[in-house]
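A look at the structure
Okay, here's what each chain looks like letter by letter:
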Amino acid sequence: MTDAPHIRLLPPEVARQIAAGEVVSRPLDVLRELLENALDAGATRLDIEVEGGGLGRVAVRDNGRGIPAEEVGLAPLRHATSKLDAGLEQVLTLGFRGEALWAAAQAGTLTLLTRPAAQVGATLLTAHGDAVEVARASAPAGTTAAVGHLFAAMPARLRAQAPAAAEVREMVTLLGRYVLHHPQLSWRLTVDSEVRLSHAPGDFRGGVATVYGPVSANRVLPLEAAGLAGVISRPELTRARRDRLHFAVNGRPVQPPAELEEAVLAGYGELLPPGTAPLCVLNLSVPPAEHNPNIHPSKQLVALAELPALAERVRAAVAQALAGVPHVRALPDLRVPAESTAAPDSVQPRQGAFPHMRLLGVYQELYLLAESEGDLWVIDGHAAHERALYERLQRGVAELPPFELPAPELLHLTPEQAARLDDRAAALAAWGLVIEPFGAGPVGGRLARLRSLPASLAALPVADLNAHVVYIALGETDDPQRELLARLACLPALKAGRLDEQNGAEVLALLAQCAQPWACPHGRPTTLRLSERDLAHSFGRRGVRDVARGRDAAG
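Notes on the structure in this doc start here.

About the criteria used
- Residue indices begin from 1 for each chain and proceed along its sequence in written order.
- Only residues with pLDDT of at least 70 are given local features in this predicted model, and only at 80 or more are side-chain atom pairs given and counted; all residues enter the totals for whole chains, interfaces and linings.
- Note that the side-chain values use all heavy atoms of the structure and ignore hydrogens as well as water.
- Every helix listed is a DSSP run of H or I at least four residues long, and every strand listed is a run of E at least two residues long, numbered separately from the N terminus.
- Throughout this description, buried means an accessible area under 20% of the type-specific maximum (1.4 Å probe, protein chains only), exposed means over 50%, and partly exposed covers the range between.
- Pairing between strands requires that DSSP locate at least two bridges from one strand to the other.
- Pairing of aromatic side chains requires ring centres within 6.5 Å, counting the rings of Phe and Tyr and the six-membered ring of Trp. Pairs whose planes differ by under 30 degrees are stacked, by over 60 edge-to-face, and all others tilted.
- To obtain the arc, one takes the directions from the helix axis to the C-beta atoms.
- The contact definition used throughout considers only heavy atoms, calling two residues in contact when any of these lie within 4.5 Å.
- Here a salt bridge means any side-chain nitrogen of Lys or Arg lying within 4 Å of a carboxyl oxygen belonging to Asp or Glu.
- Here, nonpolar core refers to any group of buried Ala, Val, Leu, Ile, Met, Phe, Trp, Tyr and Cys residues whose side-chain atoms link them within 4.5 Å.
- Lines fitted to the C-alpha atoms define the axes, with helices restricted to the stretch that makes contact. Angles between their N-to-C directions range from 0 to 180 degrees.

**A short note on the overall build of the protein chain**
Looking only at helices and strands, the protein chain features 17 helices and 25 strands. Counting across all 555 residues of the protein chain, residues that qualify as buried make up 46%.

**Remarks on the pairing of strand β2 (residues 57-62)**
In this structure, strand β1 (residues 45-51) lies alongside β2, joined through six bridges in antiparallel fashion. Bridging across to β2, E49 finds its partner in A59. Linking β1 back to β2 in an antiparallel pair, the connection comprises five residues, with G52 at a positive phi of about 60 degrees.

**Some details on the packing of aromatic side chains**
Centre distance and the angle of the planes are the two values used to describe a pair of aromatic rings. Evaluated as defined, the whole model comprises three aromatic pairs. Summarising the aromatic geometry, the rings of Y178 and W187 are spaced 6.3 Å apart at their centres and angled 40 degrees between planes, so their arrangement reads as tilted. Assigned by exposure class, Y178 and W187 land together as buried. Each ring, one from F354 and one from W518, has its centre 5.2 Å from the other, and the planes form 45 degrees; the classification is tilted.

**Topic: helix α6 (residues 204-212)**
Residues of α6 that are buried: F204, G207 and V208. The arc that holds every buried residue of α6, seen down its axis, measures 100 degrees, which confines them to one face. The inward-facing, buried residues of α6 abut α5 (164-181), β8 (194-199), α7 (214-217), β9 (220-225), β10 (228-233) and β15 (280-284). Note on α6: the residue one or two positions beyond its end, G213, has a positive phi of about 100 degrees.

**Concerning the pattern of salt bridges**
This structure, assessed with the given rule, holds 24 salt bridges. Between E236 and R234 there is a salt bridge whose closest N-O contact spans 3.1 Å. Look at E236 and you get partly exposed, because its relative accessible area is 29%. D375 is paired through a salt bridge with R529; the nearest N and O atoms lie 3.8 Å apart.

**Quick notes on the nonpolar core**
Soluble globular proteins: nonpolar side chains tend toward being buried together. Formed by 46 residues in total, the largest nonpolar core has its most connected members in I232, F247, L260, V264, L282 and I379. Apart from residues lying up to four places away in sequence, L260 is in contact with F247, L284, L304, L307, L310, A311 and V314. Among the nonpolar cores identified, the runner-up in size contains 43 residues, and L39, V50, L94 and V191 belong to it.

**Details of the pairing of strand β4 (residues 122-128)**
In this sheet, β4 lies alongside strand β3 (residues 109-115) in antiparallel orientation, the contact comprising five bridges. Bridge assignment links T114 to a residue of β4, and that residue is T123. Where β3 hands over to β4, the hairpin turn is made up of six residues, of which G121 adopts a positive phi near 85 degrees. Sheet analysis places β4 next to strand β5 (residues 131-137), joined by seven bridges and oriented antiparallel. Paired with A122 across the bridge in β5 is A137.

**Quick look at the sheet that holds strand β13 (residues 252-254)**
Sheet strands pair by backbone hydrogen bonding; their relative direction is either parallel or antiparallel. Ordered in space as β9-β10-β15-β12-β13, the five strands form an open sheet in which the pairing is mixed. With partners counted over all chains shown, the strands left at the sheet margins are β9 and β13, one partner each. For this sheet, the mean inter-axis angle between neighbouring strands, taken without regard to orientation, is 20 degrees. Both β10 and β15 contribute to a ladder of five bridges, which runs antiparallel. Following the sheet pairing, I232 is matched in β15 by C280.

Without other data, these values stay purely geometric and don't point to any function.
Structure, rendered in structure tokens:
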């Protein structure tokens, strides 16, 4: 029988390698740590150089404060830092652990060439493992920090690294995140002597242009609120994934809690088609005592105090940024159609309001054709009527007392519905839908009684109304009220074949009164538009009328 292994202390050099590997496991980690140091030093210009996928060399040159000559020798020592004065409860910088330069020196060769602006002469530090050399040198103010020959003395770690091209892609993505959240700085990334990213100081829109291109930049809206700043995309700029929801907390790009992502989506409401996500870049500023960045080795996750309140602030800020901005979508390009109607000039656009329209006619007994602001508009009659009914139901739920049923209606709930009733009963009752448990039911279900409905729903001309209400309210949805009102608004809304000029004019008037007239409750657009200039170009016309009009002139 083999003897059991004995507990013993690891040799110091092994312990150092393990600890360093928690901080620097790949070139991307080196880049992140060096960027944080440069930003903490107050740099306004950062030049990054990468060679050999980062294994050969990663260097960040900045114009920050620099390190005084008498302190440079302390920089590569473990847990030596200038950033933590009041403990982890008051972290004011991106870096704070004092491990980054030490870990880089353990994993490769670290060089620092640094000079404060007021100091005569620079200092050059070279560190590898525990060996540190310091010498005098000449350099401009700022710091150049470089790590070369990464993992050269760690064959197993070196063999486990990703291909150079894959690592460079990750580095470009990481730097893009910093550009998005710090667009006021100058950034330049060179990979193997080739410039891969360059950004001149600008605003958040400029950061989006650098990272995602000018088309995306032209479709973002500014967002400003207490403790929040950034941009969000217009509803037409969406993706099937949430990979462009970017958050930073006190300047640190982070992986956001799901609550913050959901808050952004909730701020869009029905403007966002189901299953899609917008682009957003949000910088959150919170008091140091209300966040903890020390919960993840790479500091990409942070713990936030009062997260529900913060999420509500984000939701309200997104909704406010979208409010008052027309969200009409452009019609697809026309290609020699059989018939066409050009809209004459009209009044200039009234920013932030649904424009006054003159009805031209009805197409296919479903679409309204109208003119306004020099543009031709197409309105989906069903979606527009549905929007108006939805907002009417919303107002009724908020303003009218609930309707008490003369006699409670007995309900048979499935086990899933019964479980959801346990979770939602109080929330449903808060807006007038009272469903009470009433004992065990057949096949593992439960009996319940429907006691009251929101008054605005009780008078709807919908067959089996109560069954519809209960089925939707206890269905698989995160927002029962919104789902219920949207479904009930859809049922009586005008359908294809029922729209004429008389009721079309009424629908147009109702849509103009809506608080959010640009999308139906399910996220489909209610209106599309075609400018006279686009129409003229489709016919090959060029002349005195080929000038920006309507919303073209406004944009």
